[in-house]
Amino acid sequence: QVQLVESGGGLVQPGGSLRLSCAASGGTFSTSTMGWFRQCPGKEREFVAVIRWSGVQHTYYEESVKGRFTISRDNAGNSLHLQMNSLKPEDTALYYCAADPKTGLLLHPDDYNYWGQGTQVTVSS
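Residues numbered from 1 in each chain as written. Predicted model: local features only at pLDDT ≥ 70, side-chain atom pairs only at ≥ 80, totals over all residues. Heavy atoms only, no water.

Chemist: Run through the sheet that holds strand β1 (residues 3-7), naming residues and quoting values.
Modeler: The strand order across the open sheet formed by four strands is β1-β3-β8-β7, and the pairing between neighbours is antiparallel. Either end of the sheet is taken by a strand with one partner, and the two such strands are β1 and β7 (69-73). Sheet twist, expressed as the mean angle between neighbouring strand axes with direction ignored, is 15°. Across five bridges, β7 lies against strand β8 (residues 79-84) in antiparallel orientation. In the sheet register, F69 faces β8, and the bridge partner there is M84. (Pairing = 2+ DSSP bridges. Helix = DSSP H or I, 4+ residues; strand = E, 2+ residues; numbered from the N terminus. Axes fitted to C-alpha atoms, helices over the stretch in contact; angles between N-to-C directions.)

Chemist: Tell me what's going on with the state of the cysteines, and back it up with residues and numbers.
Modeler: One pass over the full model with this rule turns up one disulfide. C22 shares a disulfide with C97; S-S distance 2.1 Å. Since a negative S-S torsion denotes a left-handed disulfide, the C22-C97 link at about -70° is left-handed. Here C22 is found in strand β3 (residues 18-25), whereas its partner C97 is found in strand β9 (residues 93-100), with 75 residues between them in sequence. Each of the two residues, C22 as well as C97, counts as buried. The cysteine C40 is free of any disulfide, with C97 supplying the nearest cysteine sulfur at 18 Å. What makes C40 partly exposed here is its relative accessible area of 26%. (Disulfide = S-S within 2.5 Å. Buried < 20%, exposed > 50% of the residue type's maximum accessible area, 1.4 Å probe, protein only.)

Chemist: Could you give me a rundown of the pattern of salt bridges, with the residues and numbers involved?
Modeler: Here the structure, examined in full by the defined rule, presents five salt bridges. Two residues, E46 and R38, come together in a salt bridge whose shortest N-O distance is 2.7 Å. We classify E46 as partly exposed; its relative accessible area is 37%. Assessed through its relative accessible area of 6%, R38 is described here as buried. Salt-bridge contacts for D100 lead to K102; the nearest nitrogen and oxygen are separated by 2.9 Å. Judged by relative accessible area, which is 1%, D100 ranks as buried. Within this structure, R38, E46, R68 and D91 form a network of salt bridges that share partners. (Salt bridge = Lys/Arg side-chain N within 4 Å of Asp/Glu carboxyl O.)

Chemist: Go over the nonpolar core with me, naming the residues and quoting the values.
Modeler: With 26 residues, the main nonpolar core has M34, W36, L82, M84 and Y95 as its most contacted residues. Among the secondary structure elements, those contributing two or more residues to this core are β3, β4 (33-39), β5 (46-53), β7, β8, β9 and β11 (119-123). Apart from residues no more than four positions distant in its own chain, Y95 is found in contact with E6, L20, F37, R38, V48, F69, L82, M84, G118, T119 and V121. (Core = buried A, V, L, I, M, F, W, Y, C linked by side-chain atoms within 4.5 Å. Contact = heavy atoms within 4.5 Å.)

Chemist: I'd like a rundown of a nonpolar patch on the surface, residues and numbers included.
Modeler: A surface patch of nonpolar side chains, amounting to about 250 Å² of accessible area, comprises Y60, L105 and L107. On the secondary structure map, L105 appears in the loop between β9 and β10 (114-115). Residue L105 is classed as partly exposed on the basis of its relative accessible area, which comes to 44%. (Patch = residues over 30% accessible without salt bridge, like charges linked within 9 Å, V, L, I, M, F, W, Y side chains within 5 Å. Areas by Shrake-Rupley, 256 points an atom, 1.4 Å probe, with all protein chains shown as cover.)

Chemist: I'd love a proper account of the packing of aromatic side chains, names of residues and values included.
Modeler: Within the structure shown, the criterion is met by six aromatic pairs. Taking 5.9 Å as the distance between ring centres and 75° as the angle between the ring planes, the aromatic pair formed by F37 and F47 counts as edge-to-face. Residue F37 is located in strand β4, and its partner F47 is located in strand β5; the two are separated by ten residues in the primary sequence. On the accessibility criterion, F47 (10% relative accessible area) is buried. Measuring from centroid to centroid gives 6.3 Å for Y96 and W115, while their planes differ by 85°, and the two rings are edge-to-face. (Phe/Tyr/Trp six-rings, centres within 6.5 Å; stacked < 30°, edge-to-face > 60°.)

Structure below.
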């Protein structure tokens, strides 16, 4: 049974940094596509970043986080990370880790079969 467990969320001041982690178990993730999404109350879950395998690892970011966030994972795919720098109040959300065996560029929540429970990130002074 596939399990994804996020950690690393918290309260941080604007301009600060956080590093989210996602521990994956119960499956083979080395060639899976893995991503981060976020959701605010009353809003739809939105794409943040994705990392996929096609011989080499490729990454892709939502426009508003480019240059501030970095997605990475270990070679076995069992740990996924999101380094978040220069955080802004608008980054406040519940952040989810997602994984799927498909290897395409998966940008929509419906593309993913496996989800974590989420970790809260609050950016406020």
